[in-house]
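# An overview of the molecular structure
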Amino acid sequence: MRVASVLPSATEILCFIGGERLLVGRSHEDNFPPQITSLPVITGQTTTFTTAAEVDRVVSDSIGKGQSLYTLDAPLIESLSPDVILTQDICSVCAIDLQTVERLAAKMTPRPKVVSLNPLNLDDVLANVLQLGEAVGMAEEARAAHASLVERIAAVDRRVEQRRRQLGEGRRRPRVAFIEWSDPLYVGGHWTPQLIERAGGEHPLNAGGESGGGKSFPVVEADPDLVILAPCGLTLDMTRREATALNQGAGTRNRPGAFQEPSRRPPSPGRSGGVRYERRPGPRLVDALEWLFSAVHGVPEAAPHRFPCEWLPPSSSLPRDEASAAAGGSPEEEAAAEQKAIADIEEAHACAVRAGKRSRCETPDPHTAPVGTRSCCTPVPVA
């Protein structure tokens, strides 16, 4: 079996089930696991990252003209003679579209099987593990890998329930704003809100539920307890520069910006901002879920080892007695403490998006957009 992948999340799933040896070609975005980066690169992109605002303009212009953001090296793929090509059909901004791959496959002899992974929520991502395993003749290995992810998710569920009992039934869940593009500001969708809610938080700007959240959309204002800045497709260094630009008052087209410089530190009680990157709908979504639990509840020891994130100084510290919090203070006590802290601290650096307004997204939605493309629909974790 020879497999070519034009989708990074599919590559990660294949390697996760033990099929790395089958891979003969990869996309230009593939960087995990690191050992596959020596394989032939069969895709490219037409954009280069400059700033979030400029990328948004270029991508919107290209999509409006019907131009692809990607290239496909047809001669190289033909020379690799894959039996299976892994791709997607959920977003033309995230990766090569299904139709382009199918047209190429139709010209090849023998014709490879095209497998398209199109998850909308966490359950779909888990199902993709089984789907891909069947497609490459590794069904048994895929079932074992699937079971390991299910168990890790169940472990988070247990910790969330334990946390809920410790803090008391009346305490509201922490509000989270997941920002997937910084200019204009876009709030995350698809499995992102679902993961946040499963981790014990709320994502009120785009609620998830069992079926996942809707597409991402521009946002103007909100009042979260935690902000996660994770521009789609950007590295941590690029994300840091975007945060710095916001902090320096550059703002965005739908909000004045103010993010603090990143500093490596664990989350503190009250409002804090996190920076992290990459949200591929593959096995590492479970890493993201575990990290979200640690971030939402302020328990850094629960985060996966070396998870790529940095913490920003909080937009406003809301001091509270951790012992009483762990024992479960009443909602009235928590509200009074919060009001007192807000009165004492002027929020000069608001690390939050200032609104709950929705505005219609005019460009196709992406969820693992490459470096240099901006996403308007989104996913969630890690690189």
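Per an unreviewed UniProt entry, the chain is named Fe/B12 periplasmic-binding domain-containing protein, and its organism is Emiliania huxleyi.

### Section: unusual backbone geometry
Each neighbour pair has its own omega, and for phenylalanine 32 with proline 33 the value is -5°, a cis peptide bond. Note that proline 33 resides in the loop between strand 2 (23-25) and strand 3 (43-45). Between threonine 109 and proline 110 the backbone carries a cis peptide bond, its omega angle lying at -5°. Mapped onto the elements, proline 110 comes out in the loop between helix 4 (98-107) and strand 6 (113-116). One non-glycine residue, serine 81, lies in the positive phi region at around 50°. One can find serine 81 in the loop between helix 3 (74-80) and strand 5 (84-87). For arginine 306, which is not glycine, the phi torsion reads 60° and is therefore positive. For arginine 306, a relative accessible area of 73% translates into the label exposed.

### Examining the pairing of strand 5
Burial along strand 5 is two-sided: the residues Val84 and Leu86 and Ile85 and Thr87 are all buried. Of the pairings in the sheet, the one linking strand 1 (residues 3-5) to strand 5 comprises 3 bridges and is parallel in character. Residue pairing for strand 5: serine 5 is matched across the bridge by leucine 86.

### Regarding the sheet that holds strand 5
Spatial strand order, 2-1-5-6: 4 strands in an open sheet with parallel pairing. Where the open sheet ends on each side, the last strands, each with one partner, are strand 2 and strand 6. Strand-to-strand twist across the sheet, computed as the mean angle between neighbouring axes with direction ignored, equals 30°. The sheet contact formed by strand 1 and strand 2 spans 2 bridges and is parallel. Note on strand 2: the bridge partner recorded for valine 3 is leucine 23. Helix 5 (residues 122-135) contacts strand 5 and strand 6 of the sheet and is inclined by roughly 175° relative to strand 6.

### Concerning the packing of aromatic side chains
For any pair of aromatic rings, the description consists of the separation of the ring centres together with the inter-plane angle of the planes. The tally for this structure, following the rule as stated, stands at 1 aromatic pair. Plain terms: the ring middles of tryptophan 291 and phenylalanine 307 are 5.2 Å apart, the flat faces sit at 10° to each other, and that makes the pair stacked. Linking tryptophan 291 in helix 9 (residues 285-297) with phenylalanine 307 in the loop between helix 9 and strand 12 (309-312), this pair joins segments that are 16 residues apart in sequence. For the pair tryptophan 291 and phenylalanine 307, one class covers both residues: buried.

### A word on the nonpolar core
Judged by nonpolar contacts, the single largest core of 51 residues is most densely connected at Val3, Ile17, Leu132, Val136, Ile228 and Trp291. Considering every element that reaches this core, the biggest residue donor is helix 9, with 8 residues. Apart from the residues within four sequence positions on either side, valine 136 is in contact with Met1, Val3, Leu14, Ile17 and Leu22. With 21 residues, the next largest nonpolar core counts Ala4, Val55, Leu80 and Ile96 among its residues.

### Let's talk about the packing of helix 6 (residues 139-167) against helix 9
Two elements in contact, helix 6 and helix 9, have axes whose closest approach is 9 Å; the angle formed by their N-to-C orientations is 15°. When the axis of helix 6 is compared with that of helix 9, the two are roughly parallel. Once helix 6 is placed against helix 9, the crossing between them reads as left-handed. Here helix 6 contributes Leu149, Arg152, Ile153, Val156, Arg159, Val160 and Arg163 to the contact with helix 9, which in turn contributes Val286, Asp287, Leu289, Glu290, Phe293 and His297. When the residues that make up the contact of helix 6 with helix 9 are grouped by side-chain class, the tally is 7 nonpolar, 1 polar and 5 charged.

### Details of the pattern of salt bridges
Enumeration according to the criterion identifies 11 salt bridges in this entry. When the shortest N-O distance is used, the salt bridge between glutamate 12 and arginine 280 registers 2.8 Å. With a gap of 268 residues between them, glutamate 12 in helix 1 (residues 8-16) and arginine 280 in the loop between strand 11 (272-276) and helix 9 connect regions that are remote in the sequence. The exposure class of arginine 280 is buried, given its relative accessible area of 4%. Aspartate 237 serves as the salt-bridge partner of arginine 240, at 2.6 Å between the closest nitrogen and oxygen. Residue arginine 240 and its partner aspartate 237 are both found in helix 8 (residues 236-247); the two are separated by 3 residues, about one turn of the helix. Taking the relative accessible area as the measure of exposure, aspartate 237 reaches 44% and is therefore partly exposed. One connected set of salt bridges, linked through shared partners, spans Glu12, Arg280 and Arg284.

### Some details on helix 4
Listed in full, the buried residues belonging to helix 4 are Leu98, Val101, Leu104 and Ala105. Here the buried residues of helix 4 occupy an arc of 130° about the axis, which is enough to place them on one side. Turned more than 90 degrees away from the buried face of helix 4 sit Arg103 and Lys107, all of them exposed. Where helix 4 is buried, its residues touch strand 4 (70-72), helix 3, strand 5 and strand 6. With a side-chain oxygen positioned 3.3 Å from the backbone nitrogen of glutamine 99, the residue opening helix 4 is aspartate 97.

Conventions and cut-offs
- Going along each chain's sequence as written, the residues are numbered from 1 onward.
- Under the rules for a predicted model, residues below a pLDDT of 70 receive no local features and side-chain atom pairs below 80 are neither given nor counted, while totals for whole chains, interfaces and linings still include all residues.
- Hydrogens and water molecules were not included; the side-chain quantities draw on all heavy atoms of the structure.
- By definition, any uninterrupted DSSP run of H or I lasting at least four residues is a helix, any uninterrupted run of E lasting at least two residues is a strand, and each is numbered from the N terminus.
- Burial classification: accessible surface area is computed with a 1.4 Å probe over protein chains only, and a residue below 20% of its type maximum counts as buried, one above 50% as exposed, and the rest as partly exposed.
- For two strands to be treated as a pair, DSSP must find at least two bridges joining them.
- Throughout, an axis means a line fitted to C-alpha atoms (over the contacting stretch in the case of helices), and angles, computed between N-to-C directions, take values from 0 to 180 degrees.
- Only heavy atoms enter the contact rule, under which two residues are in contact if any of them lie within 4.5 Å.
- Stacked, edge-to-face and tilted labels apply to pairs of Phe, Tyr and Trp rings (six-membered ring for Trp) whose centres lie within 6.5 Å, assigned for plane angles under 30 degrees, over 60, and everything in between, in that order.
- Buried residues of nine kinds, namely Ala, Val, Leu, Ile, Met, Phe, Trp, Tyr and Cys, make up a nonpolar core once their side-chain atoms join them within 4.5 Å.
- Every angle not falling under 35 degrees, over 145, or within 65 to 115 is termed oblique; those three ranges are roughly parallel, roughly antiparallel and roughly perpendicular.
- Crossing chirality is assigned from the near helix's rotation relative to the far helix, an anticlockwise turn below a right angle marking it left-handed and a clockwise turn marking it right-handed.
- Amino acid classes used here: Ala, Val, Leu, Ile, Met, Phe, Trp, Tyr, Cys and Pro are nonpolar; Asp, Glu, Lys and Arg are charged; the rest, including Gly, are polar.
- The salt bridge definition used is simple: a Lys or Arg side-chain nitrogen within 4 Å of an Asp or Glu carboxyl oxygen.
- In this description, one arc is meant: the one made by directions from the helix axis to the C-beta atoms.
- Polar contacts here mean pairs of N or O atoms no more than 3.5 Å apart (in protein, one a potential hydrogen donor and the other a potential acceptor; neighbouring residues in sequence count only if both atoms are side-chain atoms).

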